[in-house]
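Coordinate analysis (summary)
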Amino acid sequence: MMDDVTAQLADEFDLDDPVEILAILPDQFHEQFLSEYDSAVASARRPDQYRQLHYMLRLWRLRAAAYSDPGFESRLESARAGSGDRTPIEQVVPDWDSRLVSAR
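Residues numbered from 1 in each chain as written. Predicted model: local features only at pLDDT ≥ 70, side-chain atom pairs only at ≥ 80, totals over all residues. Heavy atoms only, no water.

A few words on the overall build of the protein. Secondary structure assignment for the protein yields six helices and zero strands. Starting at the N terminus and walking to the C terminus, you meet the elements of the protein as α-α-α-α-α-α. Residues classed as buried in the protein amount to 17% of the 104 residues present. Counted over contacts in the protein with a minimum sequence separation of 6, partners at least 24 positions apart contribute 46%. Just so you have it, the protein exposes about 8,800 Å², and 52% of that area is on carbon and sulfur atoms. (Helix = DSSP H or I, 4+ residues; strand = E, 2+ residues; numbered from the N terminus. Buried < 20%, exposed > 50% of the residue type's maximum accessible area, 1.4 Å probe, protein only. Contact = heavy atoms within 4.5 Å. Areas by Shrake-Rupley, 256 points an atom, 1.4 Å probe, with all protein chains shown as cover.)

In structure tokens, the structure reads:
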């Protein structure tokens, strides 16, 4: 009768866990993260907004990974200055031109 039951670890590691995000996020971004997190949690009380909490956590996890990379600041400065290694958006998003036309 229990053949269809699967077990899940109680302490399964979740990359989108806010504690995990704060652990790798540089200190200067903690206040912004916590502010956005509080807002997302408040909104998530409404069923139609629940997924937005997950989306916000996923974005901050990706930001935390980028922000904590030792070369992030120098790459950001290079990008703002228009120098350094860049990949054109057309190479990253193959249908970029059609998306751009659709957005207009």
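Another aspect to go through is the side chain of Asp 16. Note that Asp 16 resides in the segment before helix 1 (18-24). In this structure Asp 16 comes out as buried when scored by relative accessible area, which is 10%. Here the side chain of Asp 16 touches Arg 58 through a polar contact of 2.5 Å, side chain to side chain. Excluding its chain neighbours within four sequence positions, the residues that come into contact with Asp 16 are Ile 21, Leu 57, Arg 58 and Arg 61. (Polar contact = N/O pair within 3.5 Å; in protein donor to acceptor, adjacent residues only side chain to side chain.)

Two quantities define a packed helix pair, namely the angle between the helix axes and the distance between the axes. Axis separation between helix 2 (residues 30-43) and helix 3 (residues 50-67) bottoms out at 9 Å; the angle between their running directions is 165 degrees. Accordingly, the angle class assigned to the pair helix 2 and helix 3 is roughly antiparallel. In this structure, helix 2 meets helix 3 at a crossing whose hand is left-handed. Contacts between helix 2 and helix 3 pair Gln 32, Phe 33, Glu 36, Tyr 37, Ala 40 and Val 41 from the former with Leu 53, Met 56, Leu 57, Trp 60 and Arg 63 from the latter. A breakdown of the residues in the contact of helix 2 with helix 3 according to their chemical character gives eight nonpolar, one polar and two charged. (Axes fitted to C-alpha atoms, helices over the stretch in contact; angles between N-to-C directions. Parallel < 35°, antiparallel > 145°, perpendicular 65-115°, else oblique. Left-handed = near helix turned anticlockwise from the far one by under 90°. Nonpolar A, V, L, I, M, F, W, Y, C, P; charged D, E, K, R; others polar.)

Let's shift gears to the nonpolar core. Note on soluble globular proteins: their nonpolar side chains tend to be buried together. Counting residues in hydrophobic clusters, the biggest one holds 11 residues: Ile 21, Leu 25, Phe 29, Phe 33, Ala 40, Ala 44, Leu 53, Met 56, Leu 57, Trp 60 and Ala 64. Listed by contribution, the elements that provide at least two residues to this core are helix 2 and helix 3. In terms of residues, this core owes the most to one element, helix 3, which gives five residues. For Ala 44, the residues in contact, after removing those within four places along its chain, are Gln 49, Tyr 50 and Leu 53. (Core = buried A, V, L, I, M, F, W, Y, C linked by side-chain atoms within 4.5 Å.)

This part covers the packing of aromatic side chains. Counted under the stated rule, the structure contains five aromatic pairs. Both rings, one in Phe 33 and one in Trp 60, keep their centres 5.5 Å apart while their planes meet at 75 degrees; by these two values the pair is edge-to-face. Residue Phe 33 is located in helix 2, and its partner Trp 60 is located in helix 3; the two are separated by 27 residues in the primary sequence. Residue classification places Trp 60 among the buried positions, given a relative accessible area of 1%. Considering the side-chain rings of Trp 60 and Tyr 67, the 6.5 Å spacing of their centres and the 80 degrees angle between planes classify their relative orientation as edge-to-face. Members of the aromatic cluster, joined through ring pairs, are Phe 29, Phe 33, Tyr 37, Trp 60, Tyr 67 and Phe 72. (Phe/Tyr/Trp six-rings, centres within 6.5 Å; stacked < 30°, edge-to-face > 60°.)

So, on to the pattern of salt bridges. According to the stated counting rule, one finds five salt bridges in the structure shown. For Asp 69, the salt bridge is made with Arg 75, and the minimal N-O distance between the two is 3.2 Å. By relative accessible area, which is 34% here, Asp 69 ends up partly exposed. Salt bridges sharing common partners tie together Asp 16, Arg 58 and Arg 61. (Salt bridge = Lys/Arg side-chain N within 4 Å of Asp/Glu carboxyl O.)

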